[in-house]
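A closer look at the structure
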Amino acid sequence: VMSAEVERLNRVISELLEIARPSDIKPKATDVSFLLASSLRLVQQEAETAGVRLKTDISEGLPPFALDPDRLTQALLNLYINAIQAMPTGGQLAVSAVENAAGLEITVSDSGAGIRPEEVGKIFDPYYTTKNTGTGLGLAVVQKVVEAHGGAIQVRSEPGRGTSFTITLPGNEPEEKRP
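Read on for a plain summary of the structure. (Residues numbered from 1 in each chain as written. Predicted model: local features only at pLDDT ≥ 70, side-chain atom pairs only at ≥ 80, totals over all residues. Heavy atoms only, no water.)

1. Points about the sheet that holds strand E7 (residues 162-170)
- Ordered by their spatial adjacency, 5 strands build an open sheet running E2-E4-E5-E7-E6, and the pairing between neighbours is mixed. Each edge of the open sheet carries a strand with a single partner, namely strand E2 (52-58) and strand E6 (152-158). Looking at each pair of strands side by side, their axes are set apart by 10 degrees on average, direction ignored.
- Here 8 bridges tie strand E4 (residues 91-100) to strand E5 (residues 103-110), and the two strands are oriented antiparallel to one another. Counterpart to Ser96 in the pairing with E5 is Thr107. (Pairing = 2+ DSSP bridges. Helix = DSSP H or I, 4+ residues; strand = E, 2+ residues; numbered from the N terminus. Axes fitted to C-alpha atoms, helices over the stretch in contact; angles between N-to-C directions.)

2. Looking at the packing of helix H2 (residues 32-49) against helix H3 (residues 69-85)
- Where H2 contacts H3, the axes come no closer than 10 Å and their chain directions differ by 35 degrees. Considering the relative orientation of H2 and H3, their crossing is right-handed. Facing H2, whose interface residues are Leu35, Leu36, Ser39, Leu40, Leu42, Val43, Glu46 and Ala47, H3 presents Pro69, Leu72, Thr73, Leu76, Leu77, Tyr80, Ile81 and Ile84.
- Residue classes in the contact of H2 with H3 are distributed as 13 nonpolar, 2 polar and 1 charged. (Left-handed = near helix turned anticlockwise from the far one by under 90°. Contact = heavy atoms within 4.5 Å. Nonpolar A, V, L, I, M, F, W, Y, C, P; charged D, E, K, R; others polar.)

3. Quick look at the side chain of His149
- Tracing the backbone shows His149 in the loop between helix H5 (138-148) and E6.
- Overall, the relative accessible area of 11% leaves His149 in the buried class.
- Among the polar contacts listed, one links the side chain of His149 to the backbone nitrogen of Asp68, at a separation of 2.9 Å.
- Apart from the residues lying within four places of it in its own chain, the contact partners of His149 are Ile25, Leu67, Asp68, Leu169 and Pro170. (Buried < 20%, exposed > 50% of the residue type's maximum accessible area, 1.4 Å probe, protein only. Polar contact = N/O pair within 3.5 Å; in protein donor to acceptor, adjacent residues only side chain to side chain.)

4. Some words on the packing of H3 against H5
- Relative orientation of the contacting elements H3 and H5 amounts to 145 degrees, with a least axis distance of 9 Å. The hand of the H3/H5 crossing is left-handed. For the pair H3 and H5, contact is made by Arg71, Leu72, Ala75, Asn78, Leu79 and Asn82 and by Gly138, Leu139, Val141, Val142 and Val145, respectively.
- Residues that form the contact of H3 with H5 fall into these classes: 7 nonpolar, 3 polar and 1 charged.

5. Let's talk about H3
- Compared with an ideal rise of 1.5 Å per residue, which puts 17 residues at 24 Å, H3 spans 24 Å between its outermost C-alpha atoms and is within 8% of the ideal.
- For H3, the buried fraction is high: 12 of the 17 residues fall into the buried class.
- The N-cap residue of H3 is Asp68: its side-chain oxygen and the backbone nitrogen of Asp70 are 3.1 Å apart. (Expected span 1.5 Å × (residues − 1).)

6. So, the nonpolar core
- Within the largest apolar cluster, 37 residues are counted, with the highest numbers of intra-cluster contacts made by Leu36, Leu76, Tyr80, Leu93 and Ile106.
- Elements with a minimum of two residues in this core: H2, strand E3 (65-67), H3, E4, E5, H5 and E7.
- Among the elements that take part in this core, H3 stands out by supplying 8 residues, more than any other.
- Aside from chain neighbours lying at most four places away, what touches Leu76 is Leu35, Leu36, Ser39, Ile106, Val108 and Ile167. (Core = buried A, V, L, I, M, F, W, Y, C linked by side-chain atoms within 4.5 Å.)

7. Some details on the environment of Ala86
- Tracing the chain through its elements places Ala86 in the loop between H3 and E4.
- On the basis of relative accessible area, Ala86 is assigned to the partly exposed category, the value being 23%.
- Taking C-alpha positions, Ala86 is 9.3 Å from Ile115, a pair spaced 29 residues apart along the chain.
- If near-sequence neighbours (up to four positions away) are discounted, Ala86 is found in contact with Asp110, Gly112 and Ala113.

8. Remarks on the side chain of Asn78
- Position of Asn78 among the secondary structure elements: in helix H3.
- When its relative accessible area of 6% is taken as the criterion, Asn78 is described as buried.

9. Focus: the pattern of salt bridges
- Enumeration over the complete set of coordinates arrives at 3 salt bridges.
- The salt bridge partner of Arg116 is Glu118, with a shortest N-O separation of 2.8 Å.
- The exposure class assigned to Glu118 is partly exposed, which follows from its relative accessible area of 48%.
- In this structure, the salt-bridge partner of Arg116 is Glu119, at a minimum N-O distance of 3.0 Å.
- Residue classification places Glu119 among the buried residues on the basis of a relative accessible area of 11%. (Salt bridge = Lys/Arg side-chain N within 4 Å of Asp/Glu carboxyl O.)

The following block contains the structure:
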């Protein structure tokens, strides 16, 4: 119990620091397929314990993207953990990535309880939570990280059918335009 509580307190403090930290990122060429696979491995055990199947649909041949892999991994972990917690009786967590005209699009979807329409507009507010044990900082951190990358995040949810978060990050500059 103490170990779990220490872990929870560490998460709360880390999230508070993440909110307070300036939103500077350290972008570097990152293999998105590897980043997604690595981040999903971090929650694989938790997903299996909860009866949640992991599904990926990552476009072949995605080029490296200029992003901060540590900060983006933290944002993705927050989305994965929320998704797993939204499916207490099991379900599916799906992650997809594709390059399109807007840039890189990563979608994290779950088949969980969904978010009520009146709550969708509040979920990115710091300290807003619908969970008994949540701090309300996870999605605020996600939004901050995505916006620090010059990106946007959208949510689609149907109560009883699940939720999808789509992160759109700007595309890479062509090689000849880079300094």
